[in-house]
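# Fold and geometry: a report
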Amino acid sequence: LAERIPKGERVADVVVTASWGVVGRWRERYDDLDHARAGELLEALGAAHLADRTYGTLSEGERKRVQIARALMTDPELMLLDEPAAGLDTHESRDFGDELRRIAASGIGVLLIDHDMSLVLDVCHRLYVLDFGKVIAAGPPQEIRDDPKVVSAYLGSAEVEAEVEIDENGQSAASPVLQKGTAQ
């Protein structure tokens, strides 16, 4: 639903409006408690400095923090996160993982679905790995990391050749050619 957030909306208001979706709290205007809670959540997520900016001016990493604040505004018992690290660079993904661990430590359940293996292995206590819709491995991160079925399905083989071509300026332009059975 993040794509439905109005780009011209102030970040603080984007977070506050999430309280509309809480059963029994629907109303036309927000009270001071809603604004205070939104401020606390933005502060906890390291995003208080974004409160007066418009949502459309944020980087992808900043938007993820605002989206998590919106979800927390509803006082969930469980957060279902589908590809929350999509579009994040390595540093942003690591910071995002820190936030997810803090959320889980607070007692909120987190169900994470993601292809960012570094994030998943770092954040999750138990993993289920699917390949074409079938569970191929289940267990703690240290078991999953070295599971041959997981390595084969997600990392492929290490066999990669490079074809080297010389362009008109005499520069080499290496292009990897993946061999049968390797990751693509």
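Presented here is an overview of the structure given in this document. Since the structure is predicted, the reported quantities are computational estimates derived from the model, not experimental observations. (Residues numbered from 1 in each chain as written. Predicted model: local features only at pLDDT ≥ 70, side-chain atom pairs only at ≥ 80, totals over all residues. Heavy atoms only, no water.)

With that settled, consider the overall build of the chain. Within the chain, the regular secondary structure consists of 7 helices and 6 strands. Its helices and strands in sequence order give the chain the pattern α-α-α-β-α-β-α-β-β-α-α-β-β, from N to C terminus. Every one of the 184 residues in the chain was classed for burial, and the buried ones make up 32%. Counting contacts in the chain only where the partners sit at least 6 residues apart, residues at least 24 apart contribute 51% of the total. (Helix = DSSP H or I, 4+ residues; strand = E, 2+ residues; numbered from the N terminus. Buried < 20%, exposed > 50% of the residue type's maximum accessible area, 1.4 Å probe, protein only. Contact = heavy atoms within 4.5 Å.)

Examined against the element boundaries, Asp82 turns out to sit in strand E1 (residues 78-82). By relative accessible area, Asp82 is classed as exposed at 58%.

What follows concerns the side chain of Arg63. For Arg63, the location among the structural elements is in helix H3 (residues 60-73). There is no salt bridge for the buried Arg63, and the closest opposite charge comes from Glu60, which lies 4.7 Å off by N-O distance. In contact with Arg63, other than residues within four places in its own chain, are Lys7, Tyr55, Gly56 and Leu58. (Lys, Arg positive; Asp, Glu negative; His and termini not counted. Salt bridge = Lys/Arg side-chain N within 4 Å of Asp/Glu carboxyl O.)

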